[in-house]
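# Commentary on secondary and tertiary structure
Now for the letters of each chain:
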Amino acid sequence: MTGKKEIPIDPVWYPFTQMQEFTDHSPLSVVAAQGCWLEDEQGKRYLDGVSSLWANVHGHRHPVIDKAIREQMERVSHSTMLGLSHPGGIELARQLVQRAPEGLSRIFYSDSGATSVEISLKMAYQYWQLLGETQRYKFLKLSEAYHGDTIGAISLGGMDLFHERFDRLLFQSIKVPTPDLYRHPFAENDEGHVVEHYFALSEDLIKKHAEHACGFIVEPLIQGAAGMIVHPPGYLKHLRDLTSKYNILLIADEVAVGFGRTGKMFASEWENVSPDLLCLGKGITGGYMPLAATMATEQIFSAFLGDFEELKTFFHGHTYTGNPLACAAALASLQVFEEERTLDDSVFGPKANKYSEGMKRLEQLEHVGSVRYRGLMGGVEVVKDKTTKEPYPFEERIGYQIILEARKQGVILRPLGDVIVLMPPLAVSLEELDILFAATEKAIRKITEG
Ligand SMILES: *Cc1c(COP(=O)(O)O)cnc(C)c1O
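In this text, all values refer to a predicted model and were calculated from it rather than measured experimentally.

Relative to the elements of secondary structure, Leu-201 occurs in helix H7 (residues 191-209). Along the primary structure Leu-201 and Met-423 are separated by 222 residues, whereas in three dimensions their C-alpha atoms are 31 Å apart.

Below, the structure written as structure tokens:
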């Protein structure tokens, strides 16, 4: 080496971060964690109020998951699924098929939510090509949808803030208006009318584009990154009925809502819906390792079967596809779901009730316009004027100020604009829920009521 390199104190370029704010210091650094608590370099502890970006399920350093990863490490950390296999990958696939909605019998592994979505869209496209329906190339999506940050995933997304910038790089898809019961174009808050409007619009657009459509992608029940927009009951079922009626695939992106978030293993179960393709990520390993999966029906899978030279193969793969350490963590997480009866009414119920009570209390605050949640997943929208729903000016960064205030109270949150996300690990205790809501209330009051 010649000369001495000038190395920035912290060369990390952080995700979704205006780096100018971190030219002379790093974000809070997590050095350890235990249960639902994170610890910084000074030994200060913080409640993990957003499950380390919606991923953690059973708490940090869970002995069963830690042990499974350690034991797997003693066998093999990584080989490959391109041409080879490993027992943990197969066992996990069998267990996921066992638990998934009816009809999903095949699993394609990858390593992030975005890749699970990319895979689903390529599968859907190639599926119709293989059936000879080569006129199909379009996808329908909801406005405000979020499916990840790779180019294909953004093409299926609807959030202008994240997506507009890359417009010319994206393929076109059909935007179906999100059934938003808080912000909608009607003067009256006549919920029945609003619901009817969105249900009808969905049918019009599906009908109109069915001939050229590969599929409709949806985040079941809750559109997370959009600001925790909770769909009206029956909407997912409605989409299932319409996609079946007009013969297009239904792709359920359960990257955020899957693995118990809403109180059932998969959110689609609430409406007895079996999608044709199911995208999984975030909580699949209990939030310990990067792993994702795209599940498909036997009908889709079998369309790809043929003699080698027919070139029906699904040409897609990643180096770390089905990584053994990640599969071991995922298997252990499923084991913990059973052993701790995480989703049993008697365990989940009291937590969900307390969470709901906490939300209802926050709803009373002067500057809380709306609270939206299912199970242990939700958000609190802070507004300047509760009557008119007028938001705060964007530059005021009210949501960000609130989470900084909550941090002083020992709770880590991350906002989506002015929506304060409250999404603790499913392992959260009733006492920890009290801490979460008390800190959030105090922070919202301090910032919005002064
Ligand atoms: C987070 C998320 C993704 C993207 O997952 P990554 O692992 O961040 O790539 C996709 N879809 C939904 C619904 C998500 O919430």
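Right, picking up where we left off after that structure.
Another point: helix H11 (residues 345-363). End to end, H11 covers 25 Å across 19 residues, agreeing with the expected 27 Å (1.5 Å per residue, within 8%). Among all positions of H11, only Phe-348, Gly-349, Lys-351, Ala-352, Tyr-355, Ser-356, Gly-358, Met-359 and Leu-362 are buried. Residues of H11 that are buried sit in contact with strand S13 (368-374), strand S14 (377-382), strand S17 (419-422) and helix H13 (430-449).

With that settled, consider the domain arrangement of the protein chain. Assigned domains within the protein chain: domain 1 (19-57 + 342-449) and domain 2 (67-338). Tallying the contact residues gives 30 residues for domain 1 and 28 residues for domain 2. Contact with domain 2 buries surface across domain 1, with Arg-374, Met-377 and Lys-389 losing the most and accounting together for 29% of the total. Put simply, domain 1 and domain 2 have one salt bridge between them. Measuring nitrogen to oxygen at the nearest pair gives 2.7 Å for the salt bridge that ties Arg-183 to Glu-381. Applying the counting rule to domain 1 against domain 2 returns twelve residue pairs in polar contact (both at pLDDT 80 or more). Of all the elements in the fold, those that place two or more residues in the side of domain 1 that touches domain 2 are helix H1 (51-54), S13, S14 and S17. Each residue belonging to the side of domain 1 that touches domain 2 can be placed in one class, and the counts come to 18 nonpolar, eight polar and four charged.

Evaluation of the coordinates by the stated rule reveals eight aromatic pairs. Arranged with centres 5.2 Å apart and planes meeting at 80 degrees, the rings of Phe-108 and Phe-314 form a pair that is edge-to-face. Placement of the pair is Phe-108 in strand S4 (residues 104-110) and Phe-314 in the loop between helix H9 (298-303) and helix H10 (324-339), with a sequence separation of 206 residues. Here the two residues Phe-108 and Phe-314 agree in accessibility, since each one is buried. When the centroid spacing of 6.3 Å and the interplanar angle of 50 degrees are considered together, the rings of Phe-139 and Phe-171 count as tilted. Of this pair, Phe-139 sits in strand S5 (residues 138-142) while Phe-171 sits in the loop between helix H6 (160-163) and strand S6 (174-176), and the two are 32 residues apart along the sequence. The buried category is assigned to Phe-139, whose relative accessible area is 2%. A residue is classified by how much of its surface remains accessible, and Phe-171, at 31% relative accessible area, is partly exposed. An aromatic cluster of at least three residues, connected via ring pairs, comprises Phe-108, Phe-304 and Phe-314. Positioned above the aromatic ring of Phe-301, the side-chain terminus of Arg-106 is 4.0 Å from the ring centre.

The next thing to look at is the site of the ligand. Close to the ligand lie Trp-54, Ser-112, Gly-113, Ala-114, Tyr-146, His-147, Gly-148, Glu-219, Asp-253, Val-255, Ala-256 and Lys-282. Here an oxygen atom of the ligand sits 2.8 Å away from a polar atom, N or O, in the main chain of Gly-113. About the coverage of the ligand: the protein hides 82% of its 380 Å² of free accessible area. Looking at the shell around the ligand, its residues break down into five nonpolar, four polar and three charged.

Below, the discussion takes up the pairing of strand S7 (residues 213-218). Burial within S7 is extensive, with six of its six residues counted as buried. Relative to S7, S5 is paired through three bridges, and the arrangement is parallel. Each bridged residue has a counterpart across the sheet, and for Phe-139 the counterpart in S7 is Gly-215. In this sheet, strand S10 (residues 249-253) lies alongside S7 in parallel orientation, the contact comprising four bridges. Residue Val-218 lies in a different strand from S10, and its bridge partner there is Ala-252.

So, on to the sheet that holds strand S12 (residues 292-297). The strand order S4-S12-S11-S10-S7-S5-S6 describes an open sheet built from seven strands, whose pairing is mixed. Edge positions in the open sheet fall to S4 and S6, since each of these has one partner strand only. Here the average twist between neighbouring strands, direction ignored, is 20 degrees. Packing of H7 onto the sheet brings it into contact with S5, S6 and S7, and relative to S6 it is tilted by some 160 degrees.

Once that is clear, we can look at a nonpolar patch on the surface. Together, Ile-151, Phe-166 and Leu-169 make up an exposed nonpolar region whose accessible area comes to about 280 Å². Relative to the helices and strands, Phe-166 resides in the loop between H6 and S6. Taking relative accessible area as the criterion, Phe-166 reaches 37% and is therefore assigned partly exposed.

Rules used in this analysis
- Residue numbers restart at each chain and count upward from 1, following the sequence in its written direction.
- Confidence filtering applies because this is a predicted model: local features only for residues at pLDDT of at least 70, side-chain atom pairs given and counted only at 80 or more, and all residues used for totals across whole chains, interfaces and linings.
- Note: side-chain values were computed over all heavy atoms of the structure, leaving out hydrogens and water.
- Under the DSSP-based scheme used, a helix requires at least four consecutive residues in state H or I and a strand at least two consecutive residues in state E, with every element numbered from the N terminus.
- Multiply 1.5 Å by the residue count of a helix minus one, and that product is the helix's expected span.
- Buried, partly exposed and exposed residues are distinguished by accessible area as a fraction of the type maximum, computed with a 1.4 Å probe on protein chains only: under 20%, between the cut-offs, and over 50%, respectively.
- Every residue pair with non-hydrogen atoms within 4.5 Å of one another is taken to be in contact.
- These domain limits were set by an automatic method or by a database of domain assignments.
- In short, buried area is how much 1.4 Å probe accessible area vanishes from two parts on joining, totalled over both.
- Between Lys or Arg on one side and Asp or Glu on the other, a salt bridge is scored when a side-chain nitrogen of the former is within 4 Å of a carboxyl oxygen of the latter.
- Under this definition, polar contacts are N or O atom pairs within 3.5 Å; protein pairs additionally need one hydrogen-donor-capable and one acceptor-capable atom, and for neighbouring residues in sequence, both atoms have to be side-chain atoms.
- When residue character is reported, Ala, Val, Leu, Ile, Met, Phe, Trp, Tyr, Cys and Pro are called nonpolar, Asp, Glu, Lys and Arg charged, and the others, Gly included, polar.
- Pairing of aromatic side chains here covers Phe, Tyr and the six-membered ring of Trp, requires ring centres within 6.5 Å, and sorts the geometry by plane angle: under 30 degrees stacked, over 60 edge-to-face, intermediate tilted.
- Definition used: whenever NZ (Lys) or CZ (Arg) falls within 6 Å of the ring centre and also within 35 degrees of the ring normal, the charge is taken to sit over that ring.
- The criterion for a residue being near a molecule or strand is simple. One of its heavy atoms has to lie within 4 Å of it.
- Computed by Shrake-Rupley with a 1.4 Å probe, the accessible areas treat only the displayed protein chains as cover when residues are assessed.
- Only when DSSP finds a minimum of two bridges between them are two strands counted as paired.
- Think of each axis as a best-fit line through the C-alpha atoms, taken over the contacting stretch in the case of a helix, with angles from 0 to 180 degrees between the N-to-C directions.
- Here the term patch refers to residues with relative accessible area over 30% and no salt bridge, with like charges joined within 9 Å and nonpolar side chains (Val, Leu, Ile, Met, Phe, Trp, Tyr) within 5 Å.

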